[in-house]
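Structural overview
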Amino acid sequence: MTTDRTSQPPAAGPPGAPDHTTNGGAGPAAPTRWYLTPAGVRGLMAGSFVAFLLVWWGFVKVLHLSSLVLPTPLEVAGALAEGLRGPLWIHIWVTLQEIVLGFLLGSLLGVGLGTLIAHSELARRVLNPYLVASQAMPKLALAPIFVIWFGFGITPKVVIAALICFFPLLENTITGLNAVEETKLELFRMLTASRWQTFYKLRAPNALPFIFAGLRVAIVLSVVGAIVGEYVGANRGLGALIIATQGSFDTPIMFSVFVVLTVVGTVLYKIMEVLEKVLFGWRYLRREG
Amino acid sequence: MTEMICIERVSKVFGADHQRTVALQHIDFQVREGEFISVLGESGCGKTTLLRIIAGLVAPSAGRVLLDGTPVTAPRRDMGFVFQQPVLLDWRTVLDNALLPVEILHLDKAEHAGEARKLLGMMGLKDFLLHRPLQLSGGMQQRVAIARALILKPTLLLMDEPFGALDAITREQMNLELLNIWSLTGTTALFVTHDIAEAVFLSDRVVLLSSRPGTVRAIFPVDLPRPRLLAHRYEEEFVRLCRQIKEAMLEQGVGGARP
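Keep in mind it's a predicted model, so treat the numbers as computed, not measured. (Residues numbered from 1 in each chain as written. Chains lettered and ligands numbered in written order. Predicted model: local features only at pLDDT ≥ 70, side-chain atom pairs only at ≥ 80, totals over all residues.)

Once that is clear, we can look at the overall build of chain A. In terms of regular secondary structure, chain A is built from 13 helices and 0 strands. Of the regular secondary structure in chain A, the N- to C-terminal order runs α-α-α-α-α-α-α-α-α-α-α-α-α. Taken over 289 residues, chain A has a buried fraction of 30%. By sequence separation, contacts in chain A at least 24 residues apart represent 79% of the contacts at least 6 residues apart. (Helix = DSSP H or I, 4+ residues; strand = E, 2+ residues; numbered from the N terminus. Buried ≥ 20, exposed ≤ 12 C-beta atoms within 10 Å, placed from the backbone. Contact = placed C-beta atoms within 7 Å.)

Below, the discussion takes up the interface of chain A and chain B. Size of an interface: often given as the accessible area lost when the parts come together. Contacts between the two partners involve 16 residues from chain A and, on the opposite side, 18 residues from chain B. With 6 residues, helix 10 (residues 182–190) of chain A is the largest single contributor of residues to the side of chain A that touches chain B. Split by residue class, the side of chain A that touches chain B holds 7 nonpolar, 3 polar and 6 charged. (Nonpolar A, V, L, I, M, F, W, Y, C, P; charged D, E, K, R; others polar.)

Here we take up the domain arrangement of chain B. Residue and element names in this part refer to chain B. Structurally, chain B comprises domain 1 (1–78 + 156–259) and domain 2 (88–153). The C-alpha-based centres of domain 1 and domain 2 are spaced at 25 Å. The element that contributes the greatest number of residues to the side of domain 1 that touches domain 2 is helix 6 (residues 168–185), accounting for 6 residues. Looking at the side of domain 1 that touches domain 2, its residues break down into 8 nonpolar, 2 polar and 2 charged. (Domains from an automatic or database assignment.)

Here we take up unusual backbone geometry. A cis amide bond links B:Arg226 to the next residue, B:Pro227, at an omega of 0°. Mapping B:Pro227 onto the fold places it in the loop between strand 10 (216–221) and helix 8 (236–251). Phi is positive for A:Thr192, which is not a glycine, with a value near 55°. By the element assignment, A:Thr192 lies in the loop between helix 10 and helix 11 (195–232). On the basis of neighbour count, A:Thr192 is assigned to the partly exposed category, with 16 C-beta atoms found within 10 Å. The phi dihedral of B:Val87 is positive, around 50°, even though this residue is not glycine. Turning to its location among the elements, B:Val87 is positioned in the loop between strand 6 (79–82) and helix 2 (94–98).

Turning our eyes to something else, we now look at helix 13 (residues 251–279) of chain A. Residue and element names in this part refer to chain A. Between the first and last C-alpha of helix 13 there are 42 Å, a value that for 29 residues agrees with the 42 Å anticipated at 1.5 Å per step. What helix 13 keeps buried is the set Pro252, Ile253, Phe255, Ser256 and Val257. In this structure, the buried side of helix 13 is in contact with helix 5 (73–84) and helix 12 (238–248). (Expected span 1.5 Å × (residues − 1).)

The subject of this paragraph is the environment of B:Ile5. Residue and element names in this part refer to chain B. With respect to the element layout, Ile5 can be found in strand 1 (residues 3–14). With 21 C-beta atoms counted inside 10 Å, the residue Ile5 sits in the buried group. Along the primary structure Ile5 and Leu157 are separated by 152 residues, whereas in three dimensions their C-alpha atoms are 12 Å apart. Once residues within four sequence positions are removed from consideration, Ile5 is found in contact with Gln30, Val31, Ile54, Val65, Leu66 and Leu67.

A few words now on the nonpolar core. By size, the foremost hydrophobic cluster in this structure holds 78 residues, and its most contacted members are B:Val39, B:Ile54, B:Ala98, B:Ala147, B:Leu158, B:Leu190 and B:Val206. When near neighbours in sequence (up to four residues on either side) are disregarded, B:Ile54 contacts B:Ile5, B:Ile7, B:Val65, B:Val72, B:Leu158 and B:Leu190. If you look at the next biggest cluster of nonpolar residues, it comprises 45 residues, including A:Val76, A:Val159, A:Phe255 and A:Val257. (Core = buried A, V, L, I, M, F, W, Y, C linked by C-beta atoms within 7 Å.)

Shown next as structure tokens:
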């Protein structure tokens, strides 16, 4: 491993060299073609993270920044540990509900309406102008009216998250259902398949990978929807907590919420990715020998 | 032998006005029951269109196709079709791809699974039943497509240049396997190709189509014994027939008119 490191001067370099590591992660590593063992890669990843924290810490110290403006990593870790001992969980739970419910609702509607539109030219023509208009409209701008309609509970956040999730799924469902090769449709005609059989044995399985790509985008967007919904009006949830800490100048806690949000988003995204790999393993198959 | 397919003055016109193309004109021939017929012609002569008309996938502009005395107006369940490409469903296993027609017709899958295994086994796919199409070579994929076309024991097997995308060696192998399986099923076969040797090797009769518009140029009976062997390809009769067909193609300016 040590030899691997030495063969990686620009990226792995001494952690104390800020010039390299600040733009480090992606920048200098990309064009290098040197061989790295998996252990070496892991070492490099861990090293770059440590370097990132050190640069952060050095930045705060050198500029004498108050923890009000930018807390050190240590202060953030402290606030996070404190929060995880109790008070954070209720907020995590509330926001998670909003994210998941909004995601499920929006996805279901998107797939449902997408299926309808893919099958009926009439539905497509009638609904298309509205869909284009509502797609152009920034959904987050609607958050205040949802608070007026649905109050301060989780409902308005679920609605906003659902609204944002809806479009990627609508689009991908329509695309997926129509992306069937002509020859395959002809095969089904030749087999005297009914319209329904052509749908569930051909179009739907063909569309699933497209739909899953939409789900991966939607789950991340759902986090955005839930948080922005909470910004507008909420007393619980991670977004509400961010607003509260802004009021009380509790910047370390605010940063600890950023960390939690990053973890929540990443975990949800990974879940979708794993589901996709399990369900569509065949897409990654290649000929043997 | 009774006549199974009657193709009666079939014509097909695409487009209208100055874009009008006559793809097929007054096609007339019969296929007897149990016969293996090849429709031979150069690319663009309308042979694929003719096959699709016989399958009921395309309606003729004039004339009609009779299958056992009834006009073909739509795809029928007693026909098997092998496309130029394998057209397999990537998410299904080899076995489930072969069983697709069984599912579509709501027949008992378990009952037909044995037949599917037998067909796939005959084509050397015994160890690949649970593989996915993406794991197979082009030749193996086309074998699955043939098994799928034969699973319901069709009375008529239609094949549209099924081996066109394969290399010459795989192609010869596939020709042998096809003849083997055809002789065991006893189905009537209609095979479209642009390869003279392939047509002669497989068929009882070769129908030569001319180009633009496609018309029946000549029909050549093939008097080679069955079962056909690869060695037949080098025999005098085989070579003579191939040359005769080639000359007929050149004579009408089909092959020769081109640079």
